[in-house]
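Descriptive structure summary
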Amino acid sequence: MMAVKRYAIFGASGCGRGVMPLARQQLAHLTEPYELVFVDDNPPAPTCNGHAVWTYAEWLAQPATSRHINIAIANSPVREKLVQRCEADGVQFLELRAANVVQLDEVHLGEGAILCPFVTLTSNIRIGRHFHANLYSYVEHDCVIGDFVTFAPGVMCNGNIVIEDHAYIGTGAVIKQGKPGEPLVIGRGATVGMGAVVTKSVPPGATVVGNPAKPMQKG
Ligand SMILES: CC(C)(COP(=O)(O)OP(=O)(O)OC[C@H]1O[C@@H](n2cnc3c(N)ncnc32)[C@H](O)[C@@H]1OP(=O)(O)O)[C@@H](O)C(=O)NCCC(=O)NCCS
C-alpha cells in the first residue's frame, strides 16, 4: 500500500456522515494523492456513503505521508478523549468548513472545528478548539466560546455571550445578548434544550428548557 496523505472523519454516525461531503469538497483541489475515509471503532459496514470505514488502529497502520482527522462526534467528552488519542499519535486536526460559511472580522477559531452550511460568525469572536456549529447556527459579535462546545442546528447566539467549555446548545435555541463587560454566561458543561429562549446566565452543568428558559424539572 502506498504512503499517501490520509484524511479521515472520526465517526460514521449521523454527525460524521453529515460532514463527509464538506471534507470531500475541501480536498477536491489537492493535486497529490490522498485518501479520505471514515474511522469508527464500531464500523457499521466496510463502506459508508462511498468511503471505506476503518477502525482507528487499521487507519494508523496504513502508510501515510501525513494524517489529518476531524472528530465528528457530537458528545463532547467523547470528542475530547478522541482528540487526546489522536494527539498522542501525531495526527493533525482538519477543520471542516462549508463553502458558504460567512466569517467577518477578527474571528479567532481553534483547531478541529466543524462549520456546517449556512453558519455565520460575525466580528470580534473567540472560539476554542473542536467547536461544532451545525446548520444555520450563528455567533454574533463579541462572543467568547470555549473548547468542545456544540451547537445543534439553528442556534442563535447573540452578542456579548460567553459559552464555557463542553456546553451543548440544542436546536433553535435563542440566547439573549449580554452587555459589554457583563456577558450572559452559559456555564461549563451546561445543556440548553432545543427551542429554549435563554434570558439569563446558566450555571455550569445545568440543563435549561423553555421560554423563558428554566432548569429542567426531573421526574
Ligand atoms: C433538554 C434535553 C437535553 C433533555 O433531554 P432528556 O433528559 O432526554 O429529556 P426527556 O426527553 O426525558 O424529557 C424530560 C421532560 O422534559 C421535556 N422536555 C425535553 N426537552 C425539552 C425542551 N427542549 N423544551 C421543553 N421541554 C422539554 C419533555 O417533554 C419531558 O417532559 P415530561 O416529563 O413532562 O414528559 C433534550 O430534550 C434536548 O432538548 N436536546 C437537544 C436536542 C437537539 O437539539 N438535537 C439536535 C441533534 S443534531
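This part covers the site of the ligand. In the neighbourhood of the ligand, the contacting residues comprise Ala152, Pro153, Tyr168, Gly170, Thr171, Thr191, Gly193, Met194, Val209, Met216 and Lys218. Measuring from a nitrogen atom of the ligand, one finds a side-chain N or O atom of Tyr168 at 3.3 Å. A distance of 2.9 Å is found between an oxygen atom of the ligand and a backbone nitrogen or oxygen belonging to Met194. Looking at the shell around the ligand, its residues break down into six nonpolar, four polar and one charged.

By secondary structure assignment, the location of Glu164 is in the loop between strand E18 (161–163) and strand E19 (168–169). With 55 residues separating them in the primary sequence, Glu164 and Leu109 have C-alpha atoms 15 Å apart. If we skip the residues at most four places from it in the chain, Glu164 touches Gly146, Val149, Val185, Ile186, Gly187, Arg188 and Pro204.

With respect to topology, five strands assemble into an open sheet ordered E9-E12-E15-E18-E21, the strand pairing being parallel. The sheet is open, and its two edges are formed by strand E9 (107–109) and strand E21 (184–186), each paired on a single side. Where E9 lies against strand E12 (residues 125–127), three bridges are found, and the strand directions are parallel. Note on E12: the bridge partner recorded for Leu109 is Ile127.

Every α-helix winds through 3.6 residues per turn, so residues three or four apart in the chain are directed the same way. Taking 1.5 Å per residue as the helical rise, helix H1 (residues 14–27) with its 14 residues ought to reach 20 Å, and the 21 Å between its terminal C-alpha atoms agrees with that figure. Of all the positions in H1, only Gly16, Val19, Met20, Leu22, Ala23 and Leu27 are classed as buried. The inward-facing, buried residues of H1 contact strand E1 (4–10), strand E2 (34–39), strand E4 (51–54), strand E7 (96–97) and strand E10 (114–115).

Glancing now at the packing of aromatic side chains. Under the defined criterion, the tally for this structure stands at five aromatic pairs. Ring geometry for Tyr7 against Tyr34: centres 6.0 Å apart, planes inclined by 90 degrees, an arrangement best described as edge-to-face. Of this pair, Tyr7 sits in strand E1 while Tyr34 sits in strand E2, and the two are 27 residues apart along the sequence. Using a relative accessible area of 31% as the deciding quantity, one classes Tyr34 as partly exposed. Measuring from centroid to centroid gives 6.4 Å for Tyr56 and Trp59, while their planes differ by 35 degrees, and the two rings are tilted. Separated by three residues within a single helix, Tyr56 and Trp59 lie in helix H2 (residues 56–61), roughly one turn from each other.

Rules and cut-offs
- Per-chain numbering applies: the sequence of each chain, read as written, is numbered from 1 onward.
- With the structure being a predicted model, the display of local features is reserved for residues of pLDDT at least 70 and the display and counting of side-chain atom pairs for 80 or more, all residues being used for whole-chain, interface and lining totals.
- Processing note: side-chain calculations cover all non-hydrogen atoms of the structure and skip hydrogens and water entirely.
- A molecule or strand has a residue near it when one of that residue's heavy atoms lies within 4 Å.
- Any N or O atom pair separated by 3.5 Å or less is treated as a polar contact, with the protein-specific requirement of one donor-capable and one acceptor-capable atom, and with residues adjacent in sequence counted only for side-chain atom pairs.
- Gly counts as polar in this scheme, as do all residues outside two lists: the nonpolar Ala, Val, Leu, Ile, Met, Phe, Trp, Tyr, Cys and Pro, and the charged Asp, Glu, Lys and Arg.
- Every helix listed is a DSSP run of H or I at least four residues long, and every strand listed is a run of E at least two residues long, numbered separately from the N terminus.
- Whether two residues are in contact is decided by their heavy atoms: any pair within 4.5 Å suffices.
- Whether two strands pair comes down to DSSP finding at least two bridges between them.
- Expected helix span is given by 1.5 Å per residue-to-residue step, counting one fewer step than there are residues.
- When a residue's accessible area, from a 1.4 Å probe over protein chains only, is under 20% of the maximum for its type it is buried; when over 50% it is exposed; and in between it is partly exposed.
- Ring pairs are drawn from Phe, Tyr and Trp, using the six-membered ring of Trp, whenever the two centres fall within 6.5 Å, and their geometry is named by plane angle: stacked under 30 degrees, edge-to-face over 60, tilted for the rest.

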